[in-house]
Amino acid sequence: MTHTLSRSSPLPGDAIYFTPSSKPDEGPLARFDTHWMKSSVAIVSARGEIDITNADTLTEYSLANLMRCRGIILDLTRLKFFGAAGFSALHMISVSCARAGTEWALVPGSAVSRVLQICDPDGMLPAADTVSAALAGLKDRRPSRTSRGT
């Protein structure tokens, strides 16, 4: 199954983008939206279900604006189902963010936490309890900039 993804440019300040992930006749498995913070952090939220049919859409949607942000937070608290393919998506997001030098964090809900207990028992993925805690964590890890002498 192929999922189409509409890409939008971020607007100044905060904005929300919504993209259904499945064909209209099938009913949505998952819905994604992005909330842009003024600090150039994208908060990507997902609702519904993530399985093998749409895990790649989670990856693509989450990374669509990777080069335009300093951080990404995945809010997965409203997912009702999260399959093993979703963990693969999280791994790809982690690898892509590391390569781009972009900080990221995820806020798992109960469905995601069950999969993480099995697939990430050592807690290698950057998880936080709330979006606020994830945002604070990104600020804490923000690299300090030194001024250059002229």
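See the structure printed just above.
No experiment lies behind these values; they were computed from the predicted model shown.

Participant: Would you explain the overall build of the protein chain in this entry?
Facilitator: Regarding its fold elements, the protein chain presents four helices and five strands. What you see in the protein chain, going N to C, is helices and strands ordered as β-β-β-α-β-α-β-α-α. The buried share among the 150 residues of the protein chain stands at 45%. Looking at the protein chain as shown, the accessible area adds up to about 8600 Å², and 53% of this sits on carbon and sulfur atoms.

Participant: Is there a simple way to think about the nonpolar core in this case?
Facilitator: Note on soluble globular proteins: their nonpolar side chains tend to be buried together. Of all hydrophobic cores here, the largest spans 31 residues; its most connected members are Ile72, Leu74, Phe82 and Leu90. Elements that contribute at least two residues to this core include exactly β2 (30–36), β3 (41–50), α1 (55–63), β4 (71–82), α2 (84–100), β5 (103–108) and α3 (110–119). Sorting elements by how many residues they give to this core places α2 first, with six residues. Residues in contact with Leu74, not counting those within four places in the same chain, are Val44, Ser62, Leu90, Ile93, Trp104, Ala105, Leu106 and Val107. Core analysis: the second largest hydrophobic core is formed by nine residues, Val41, Ile43, Ala105 and Val107 among them.

Participant: In this structure, what is going on with the environment of Thr77? I would like to understand it.
Facilitator: Tracing the chain through its elements places Thr77 in strand β4. Here the alpha-carbon distance between Thr77 and Val112, two residues 35 residues apart in the chain, equals 7.9 Å. A distance of 2.7 Å separates the side chain of Thr77 from the side chain of Asp75, its partner in a polar contact.

Quick notes on the rules
Residues numbered from 1 in each chain as written. Predicted model: local features only at pLDDT ≥ 70, side-chain atom pairs only at ≥ 80, totals over all residues. Heavy atoms only, no water. Helix = DSSP H or I, 4+ residues; strand = E, 2+ residues; numbered from the N terminus. Buried < 20%, exposed > 50% of the residue type's maximum accessible area, 1.4 Å probe, protein only. Areas by Shrake-Rupley, 256 points an atom, 1.4 Å probe, with all protein chains shown as cover. Core = buried A, V, L, I, M, F, W, Y, C linked by side-chain atoms within 4.5 Å. Contact = heavy atoms within 4.5 Å. Polar contact = N/O pair within 3.5 Å; in protein donor to acceptor, adjacent residues only side chain to side chain.

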